[in-house]
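In case you want the letters, here they are:
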Amino acid sequence: MKRLLSGNEAVAQGAWEASVKVASAYPGTPSTEILETLAPYPNVYAEWAPNEKVALDSAIGAAYAGRRALCTMKHVGVNVAADSLFYVAMTGSEAGLVIVSADDPSMHSSQNEQDNRQFARFTRIPCLEPADSQEAKDMTIAAFELSEQFDTPVLLRLTTRVCHTSAPVEVFPDQKTHPPIPDKYPRNPNKYVMIPANARIHHPIIEKRIRKLADYAESSPLNIAEIRSLELGIVTSGIAYQYAREVFPDASVLKLGMVYPLPEKLIQDFASEVKNLIVLKELDPFIEEQLRLMGIKLYVPKDAEKAYRPGSKSIFPLCGELNPVVVRTSAEAAGLLPPALTTPSAPSQLKIPNRPPMLCPGCPHRATFYNLRKMKWPVAGDIGCYALGVVPPLSAIHTCGCMGAGIGVAHGAAVAGDTEQHVAVIGDSTFFHTGIPALMNVAYNQSNVITIIMDNRITGMTGHQQNPGTGKTLQQKDTIEVNIEAMVHAMGIQEVKTVNAFSVKEVSDTLKSWKDLDKPAVLITKGECALLPNARKGWMPLRIDSTKCIGCDICIRTGCPALRKSDLIHEKNGRHLTEIDPQQCTGCEVCAQVCPQNAILFREQVLAELSIDQEVN
Amino acid sequence: MSTTTALSQNPKAVNFLLAGVGGQGAILASNVLAELGIALGFDVKQAEIHGMSQRGGSVTSQVRWSDHVYSPTIPPGEADFLIAFEKSEAVRFIHHLKPSGILLVNNHAIVPVTVTSGAEAYPLHEEIQQELNGYTNNIVWIEGVVEARKAGNVKSSNVVMLGALSKFFKYPSNTWLSVLEQRVPARYIDINIKAFEAGRNLIQN
Ligand SMILES: Cc1ncc(C[n+]2csc(CCOP(=O)(O)OP(=O)(O)O)c2C)c(N)n1
Ligand code: SF4
Ligand code: SF4
């Protein structure tokens, strides 16, 4: 039966058909839906781990125990999990282990752009790269088989366009039989204990393994030479294959489903058949450089300026994702295609407003950033919805690098002797991810950093996943809620306070009382994300009393999208009065607290008004 | 506008670009188009960018039908239909439309914070109209919100738009509705059928 599946859904379906037993992950766009899709399937254990390294160790543990295991993450997650990736590349496992890296060319929702095929070469493991949803499913199954056949973890590399494109996929209602599960936990310390004595034996083993995999690649059904016109030959893989077919319908194509290790002879043969050979890929010159090392002659663009330099690419751009237009214009510039006869219409010149991401109406992070902006302290941010504290008018964040970085960055400035009051802000999920060791460093070395843990009771940015603080697992089981305050106390930090995230005054008073303290302090701002089902139940729009509003715009400085200028004009000062969009307002009362004229009705006042209305009616 | 300028009875390949603002249901509409394409026997690709979970950003989705679809994204200038759920979003993506392409635009403005805060301005309706007219003669303005409210839920303007779109194809209503029914929650089916028919009735043959 064919079903419309995204690449992510197809990976989940493939893993299930391959009888995966354990799947562990930390969410991250564009990978998140893989585990969300897999979680409700029968006969599989699926979990959110606090971070990617823990997720990978957990999948490795299952594979060591003889159960097929899957671990998924976004590209930067592999950086976090890299230490574990290196050891498991050395040991292999008892049952298949597949690691999914979902890369994000063009950084649709990421802090950097990286090409994780490099990790396959770095760790000596095979890398498969599907070009659409059907292949995503098929290659997931193939990856488990390869993993067992060659005793190696397999990297399945996806990109945003594959993850989030839906296409018809042939699905089966049954699970395949898989290798027998051992009766007893296998004990094999020579293989699984990487003390130097064993590790030294393993290194040559994995070098040999990658050569065997290269032999396999020569005849693997994953690599396909499609011979059409011999004028132009294109070596390509993944989503770039689709652009190759769209832009060069007549060209011969060598489509590599396995992008590492490369099939040298297959490529040589293909190269010798075609007149001109090019490599069409996104991001790093990963294939291009290896072809040059093989001594294969690639097409030299007309324009000498574009000629190859190490680390660059000769025809297609190094940065950002490709699409048919980028491919076509690059090919035209390189003399591979005649210049197009018609130029497509240019974008409209009419100025239309941007729609940048903003903290939602009713967001629990708003009151804290409103205060921080007023205090003008340097604030080290971190990754999550709360990174939007950088967007005007809040403009309260000054650094933001990767998950868990903020606390360390604030600490570094403080111990360097900078005398301003340094603050770090971090979300609950990010705190569990990599914030804990960083805060322990602040505690241990006693810098006077104020850390604000913004506990909105969910992993917000990636679409609301459960985490160790929420009391629910990925498979919707009830569980413990990690007590953040107790944990901070246990680190020996004495100044710890939990406040209502929506209380502008509580946040402000606490921060002011801690200014220039000579020791660490931690503020936990607790308040549910406005989009959670429970919070939605309580939404109730507020109203601005136009007889009291003076159009001072102080409420607008909270950056709430539900506040807007009305057509009403203040009699005396001529300023536009502010109004609240009832379709958007949740009634969080943050704007009402900052209004100097008490013009914004609090919930109680709105309710009182409503009941009077009802009496009158 | 009449549908005679529109597509042939049995199109070989169709590219739909859907553009709107988070929460308007552009993704649901594109799911319906993708499933419909499969039901009609096409190869189909549907591409979207899932970004951050906040409300209010631009959202686009693309659906391609053909005997074999390669690229999931439609090259600029090759969309047969641009379905804009918000009028300034129509301007943002109008250059993606083929010169002979058809624009269905919801006569509805969603004003972003950049405008409220005074940093940017929202263009006048006449400016938008004039700008769009410069790109194509095939423009259908749709009172999506009005019709959706009449159907019983303002949120169903995405389905009003689908109803209008359906008139540009010769497939019977039921072909569309049977796909739609699988994609919306059971308790909203009646409203959605009404919204679909309302959209369909906006377009003359
Ligand atoms: C290493 C790594 N893994 C995953 C992500 C994706 N990611 C970005 S923000 C975020 C979650 C943030 O959740 P939280 O800290 O609770 O803040 P919230 O968004 O709820 O405010 C995740 C998982 C990432 N950027 N880097
Ligand atoms: S999703 Fe939740 S945490 Fe994120 S901006 Fe919106 S309300 Fe705030
Ligand atoms: S109460 Fe004020 S700040 Fe909160 S959502 Fe409504 S308008 Fe926005």
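Residues numbered from 1 in each chain as written. Chains lettered and ligands numbered in written order. Predicted model: local features only at pLDDT ≥ 70, side-chain atom pairs only at ≥ 80, totals over all residues. Heavy atoms only, no water.

Enquirer: Tell me what's going on with the overall build of chain A, and back it up with residues and numbers.
Expert: A count of helical and extended segments in chain A gives 21 helices and 20 strands. In terms of C-alpha radius of gyration, chain A reaches 28 Å, essentially the compact-globule figure of 25 Å for 617 residues. Across its three principal axes, chain A shows a C-alpha extent of roughly 85 × 70 × 60 Å. Put simply, chain A has 617 residues, and 58% of those count as buried. Relative to all contacts within chain A whose residues are 6 or more apart in sequence, the contacts with residues 24 or more apart total 73%. Within the structure as shown, chain A displays about 25,500 Å² of accessible surface, and the carbon and sulfur contribution to it stands at 55%. In chain A, 60 side chains carry a positive charge and 66 a negative one; their mean positions are 2 Å apart. (Helix = DSSP H or I, 4+ residues; strand = E, 2+ residues; numbered from the N terminus. Rg over C-alpha atoms; globule rule 2.2 N^0.38 Å. Buried < 20%, exposed > 50% of the residue type's maximum accessible area, 1.4 Å probe, protein only. Contact = heavy atoms within 4.5 Å. Areas by Shrake-Rupley, 256 points an atom, 1.4 Å probe, with all protein chains shown as cover. Lys, Arg positive; Asp, Glu negative; His and termini not counted. Charge placed at Lys NZ, Arg CZ, Asp CG, Glu CD.)

Enquirer: Hey, could you go over the side chain of T32 of chain A for me, with residue numbers and the actual values?
Expert: Along the chain, the position of T32 of chain A falls in the loop between β2 (22-25) and α2 (33-38). Excluding its chain neighbours within four sequence positions, the residues that come into contact with T32 of chain A are P27, W48, T462 and Q465 of chain A.

Enquirer: Mind laying out the nonpolar core, listing which residues take part and the relevant values?
Expert: All names here are of chain A. One finds L70, F248 and L291 to be the most contacted residues of the largest nonpolar core, which totals 112 residues. Take this core: its biggest share by element is eight residues, from helix α6 (residues 133-150). Structurally, this core is a two-domain feature, drawing no fewer than three residues from each of domain 1 (2-219) and domain 2 (223-338). Among the nonpolar cores identified, the runner-up in size contains 75 residues, and L394, M454, I524 and V590 belong to it. (Core = buried A, V, L, I, M, F, W, Y, C linked by side-chain atoms within 4.5 Å. Domains from an automatic or database assignment.)

Enquirer: Run through the site of ligand 1, naming residues and quoting values.
Expert: All names here are of chain A. Around ligand 1 sit 26 residues in total, of which E52, C385, D428, T430 and G460 are the nearest. With respect to ligand 1, the side chain of D428 contributes an N or O atom lying 2.6 Å from an oxygen atom. A distance of 2.5 Å is found between an oxygen atom of ligand 1 and a side-chain nitrogen or oxygen belonging to T430. A total of 590 Å² of accessible area belongs to ligand 1 in isolation, and the protein chains cover 97% of it. The cavity where ligand 1 resides is the second largest pocket. Tallied by class, residues from the shell around ligand 1 come to 10 nonpolar, 13 polar and three charged. (Near = heavy atom within 4 Å. Polar contact = N/O pair within 3.5 Å; in protein donor to acceptor, adjacent residues only side chain to side chain. 1 Å grid on protein atoms, 1.4 Å probe; cavity = no way out; pocket = protein on both sides within 12 Å on 5 of 7 lines; lining within 4 Å. Sits in = over half its atoms within 2 Å of the grid points. Nonpolar A, V, L, I, M, F, W, Y, C, P; charged D, E, K, R; others polar.)

Enquirer: Requested: an account of α6 of chain A, with residues and values cited.
Expert: All names here are of chain A. In this model α6 runs 25 Å from its N-terminal to its C-terminal C-alpha over 18 residues, within 8% of the 26 Å that 1.5 Å per residue would give. By the criterion of burial, α6 is predominantly enclosed, with 13 of the 18 residues buried. For α6, the side-chain oxygen to backbone nitrogen distance between the N-cap and Q134 is 3.2 Å, and the N-cap itself is D132. (Expected span 1.5 Å × (residues − 1).)

Enquirer: How would you sum up the pattern of salt bridges? Please name residues and give values.
Expert: All names here are of chain B. Within the structure shown, the criterion is met by 35 salt bridges over all chains. Here D80 and K98 are joined by a salt bridge, their closest N and O atoms 2.7 Å apart. Pair noted here: D80 is in strand β4 (residues 79-84) and K98 is in strand β5 (residues 97-106), with a separation of 18 residues, a long-range link. Notably, a salt bridge pairs E89 with R92, separated by 2.9 Å at the nearest N-O pair. Separated by three residues within a single helix, E89 and R92 lie in helix α2 (residues 87-93), roughly one turn from each other. (Salt bridge = Lys/Arg side-chain N within 4 Å of Asp/Glu carboxyl O.)

Enquirer: Give me the lowdown on the domain arrangement of chain A, citing residues and values where you can.
Expert: Where the parts come together, the accessible area they lose is often given as the size of the interface. Residue and element names in this part refer to chain A. Annotation of chain A at the domain level lists domain 1 (2-219), domain 2 (223-338), domain 3 (366-535) and domain 4 (538-616). The interface of domain 3 with domain 4 comprises 14 residues on the first partner and 13 residues on the second. Counting each side, the surface lost to burial between domain 3 and domain 4 is near 1,100 Å², with a carbon and sulfur contribution of 60%. In terms of surface lost to domain 4, no three residues of domain 3 exceed R366, Y370 and F502, which account for 47% of the buried area on that side. (Buried area = accessible area lost by both parts, 1.4 Å probe.)

Enquirer: Now, about helix α3 (residues 52-64) of chain A: what can you tell me, with residues and values included?
Expert: Residues and elements named next belong to chain A. End to end, α3 covers 18 Å across 13 residues, agreeing with the expected 18 Å (1.5 Å per residue, within 8%). Burial in α3 covers these residues: E52, A55, L56, A59, I60, A62, A63 and Y64. Close packing links the buried residues of α3 with β2, β4 (69-74), α4 (75-91), β5 (97-103), α8 (189-192) and α16 (428-445). N-capping of α3 is provided by N51, with a side-chain oxygen placed 3.0 Å from the backbone N of K53. Phi turns positive one or two residues past the end of α3, at G66, with a value near 85 degrees.

Enquirer: Hey, could you go over the interface of chain A and chain B for me, with residue numbers and the actual values?
Expert: The interface of chain A with chain B comprises 53 residues on the first partner and 51 residues on the second. Carbon and sulfur atoms make up 61% of the area that chain A and chain B hide from each other, which totals about 4,400 Å². Where chain A packs against chain B, one counts three salt bridges. Among the ionic pairs, E246 of chain A bridges to R64 of chain B, the shortest N-O distance being 3.2 Å.

Enquirer: Outline the packing of helix α7 (residues 173-183) of chain B against helix α8 (residues 189-201) of chain B, listing residues and values.
Expert: Helix-helix packing: each pair is described by the crossing angle between the helix axes and the interaxial distance. All names here are of chain B. One way to put it is that α7 packs onto α8 with a least axis distance of 11 Å and a crossing angle of 145 degrees. As α7 runs across α8, the sense of the crossing is right-handed. Taken together, the residues of α8 that come into contact with α7 (itself represented by S173, W176, L177, L180 and E181) are I189, N192, I193, F196, E197 and R200. The residue makeup of the contact of α7 with α8, split by class, is six nonpolar, two polar and three charged. (Axes fitted to C-alpha atoms, helices over the stretch in contact; angles between N-to-C directions. Left-handed = near helix turned anticlockwise from the far one by under 90°.)

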